[in-house]
Amino acid sequence: MKTRRRPYAEQRPQDLGGGVWSVPVPIPGNPLGYTLVYAVESPRGPLLIDAGWNHPDAWDALSGGLAVLGLDVTTVSGVVVTHFHPDHAGLAGQVREASACWIAMHEDDAALVRLMTEYAASEQDDFQSDMLRRAGADPSEARQVMGTRPVPPAMPDRELRDGDLVDLPGRELRAVHTPGHTPGHICLHLEDADRLFTGDHVLPDITPHVGIYPYDRDDVDPLSDFLDSLDRVADLSASCGPLDALPAHEWIFPDVAARAAEIRHHHEEKLERLRDLLARQAQPLTIWEVAAMMTWNRPWGELPPALRGMAAGEAAAHLRTLEARGQVRRHAGVDPVRFQALNS
Ligand SMILES: [Zn+2]
């Protein structure tokens, strides 16, 4: 996969005009480099879109970056997180402590944060090891994949639904539910300025991770949701004119609809390649076997265990979509679960 990474060291806080600013916040030790946190002007104090990773360096970059722009983190009126992942929601709790602001996220991600908060650590370990066994990972590999347990982000004070206007006096900022990367991912449409804050849904060069956890779930289809959400964003541009994308990583870019169509095409090709791969197999395959045969940005054997776990989640999401389209059959009565192409 082509990448045109831009290092964090080259990033600066920016005044984007029209009462919108961006602050790059580092993600220590992560090749993604940084999260772009956006601030939107409001008479009650700036509203933040995402907050960044929970780390002292990230906090310094956020509070210092806002100060460079003439904004004070203690006056923030609210934080809307595009989704619950730690590079977006991680610092929201600390911003709330500093400013007594509210935190908002989509109700479906809020439900996940509640679940993460309530789940005991031992239950999470059982959940992970069962999931890996049913996917066909051998026990020693499963132990390596089960690395660090995610720390849940702060519980939100407000929950958003599709079409809700965010509490931002004098401006029109609307939540657009774009499930796929997470069930409750939202983009935020600044309707008075033809700008769309895209979170991780539409990024200019890379594509977000779309996986199923546990891998063998058949009651959800996040990749189909994601593809529908790409169409949704393209339709938005069709109805209100070209939209500039303000993503949470990489860089700002024009014409979000064109990029959404490109990402959709990328996944349709990947689905087609996977269907062809399965059609060439004599035996049904486990999710783990499928993941090991798919093309990743590094050979399977060189992927660190945690990334193999994510690759399996992505393989599972593609298998589930092919199943929903009637192109793949699941052998559900066996452990590990297996998949086979259907002749069409
Ligand atoms: Zn992200």
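For the structure, see preceding data.
What counts, and where the lines are drawn
- Residues numbered from 1 in each chain as written.
- Predicted model: local features only at pLDDT ≥ 70, side-chain atom pairs only at ≥ 80, totals over all residues.
- Helix = DSSP H or I, 4+ residues; strand = E, 2+ residues; numbered from the N terminus.
- Contact = placed C-beta atoms within 7 Å.
- Pairing = 2+ DSSP bridges.
- Axes fitted to C-alpha atoms, helices over the stretch in contact; angles between N-to-C directions.
- Buried ≥ 20, exposed ≤ 12 C-beta atoms within 10 Å, placed from the backbone.
- Core = buried A, V, L, I, M, F, W, Y, C linked by C-beta atoms within 7 Å.

Of the regular secondary structure elements, the protein holds 10 helices and 14 strands. By its C-alpha atoms, the protein is 65 × 45 × 35 Å across when sized along the principal axes. Long-range pairs, those at least 24 residues apart, make up 67% of the contacts in the protein with a sequence separation of at least 6.

Quick look at the sheet that holds strand 10 (residues 195-199) now. A sheet is described by the order of its strands in space; here 4 strands give the open sequence 8-9-10-11, paired in mixed fashion. Edge strands, defined here as strands with exactly one partner in the open sheet, are strand 8 (173-177) and strand 11 (244-247). Across this sheet, the average inter-strand angle for adjacent strands is 25°, counted without regard to direction.

This next bit is on the sheet that holds strand 7 (residues 158-160). Here 7 strands make up an open sheet; going across it, the order is 1-2-3-4-5-6-7 and the pairing mixed. Where the open sheet ends on each side, the last strands, each with one partner, are strand 1 (14-17) and strand 7. Shown here is a sheet whose adjacent strand axes are inclined to one another by a mean of 25°, direction ignored. Across 3 bridges, strand 5 (residues 78-80) lies against strand 6 (residues 102-106) in parallel orientation. If you follow Val-80 over to strand 6, its bridge partner there is Ala-104. Contacting strand 4 (47-49), strand 5 and strand 6, helix 3 (residues 92-99) runs over the sheet at an angle of about 165° to strand 5. In the packing of helix 4 (residues 107-118) onto the sheet, contacts are made with strand 6 and strand 7, and the angle to strand 6 comes to roughly 105°.

Moving on, we get to unusual backbone geometry. Along the chain, Tyr-213 connects to Pro-214 via a cis peptide bond; the corresponding omega equals -10°. Structurally, Pro-214 is set in the loop between strand 10 and helix 7 (222-240). Across the junction of Asp-335 and Pro-336, the peptide omega takes the value 5°, indicating a cis bond. Located in the positive-phi region is Asp-50, a residue other than glycine, with phi close to 65°. Assignment of secondary structure puts Asp-50 in the loop between strand 4 and helix 1 (56-68). Of note in this structure, Asp-255 is not a glycine but carries a positive phi near 60°. Structurally, Asp-255 is set in the loop between strand 11 and helix 8 (256-279). Judged by the 13 C-beta atoms lying within 10 Å of it, Asp-255 falls in the partly exposed class.

All right, on to the nonpolar core then. Generally speaking, soluble globular proteins have nonpolar side chains that are buried together. Membership of the largest hydrophobic core comes to 92 residues, with the highest contact counts inside it found for Tyr-38, Ala-51, Leu-62, Val-79, Leu-188 and Ile-287. A per-element tally of this core places helix 10 (residues 305-324) first, with 7 residues. Discounting residues that sit within four places of it in the chain, Leu-188 has contacts with Ile-49, Val-80, Val-166, Leu-173, Ala-175 and Phe-197.

Glancing now at the environment of Pro-86. Within the secondary structure layout, Pro-86 lies in helix 2 (residues 86-89). A C-alpha to C-alpha distance of 23 Å links Pro-86 and Asn-297, two positions 211 residues apart in sequence.

The next subject is the pairing of strand 9 (residues 186-190). The buried fraction of strand 9 is high, at 5 of 5 residues. Residue alternation in strand 9 divides its side chains into two sets, Ile-186, Leu-188 and Leu-190 and Cys-187 and His-189, and both sets are buried. Bridging between strand 8 and strand 9 involves 5 bridges; their strand directions are antiparallel. Across the sheet, the residue bridging to Leu-173 is Leu-190, located in strand 9.

Time to look at the pairing of strand 6. Taking burial as the measure, the 5 residues of strand 6 include 4 buried ones, the bulk of the element. Relative to strand 7, strand 6 is paired through 3 bridges, and the arrangement is parallel. Directly across from Met-105, in strand 7, lies its bridge partner Glu-159.

Function cannot be read off these values alone, since they describe shape.
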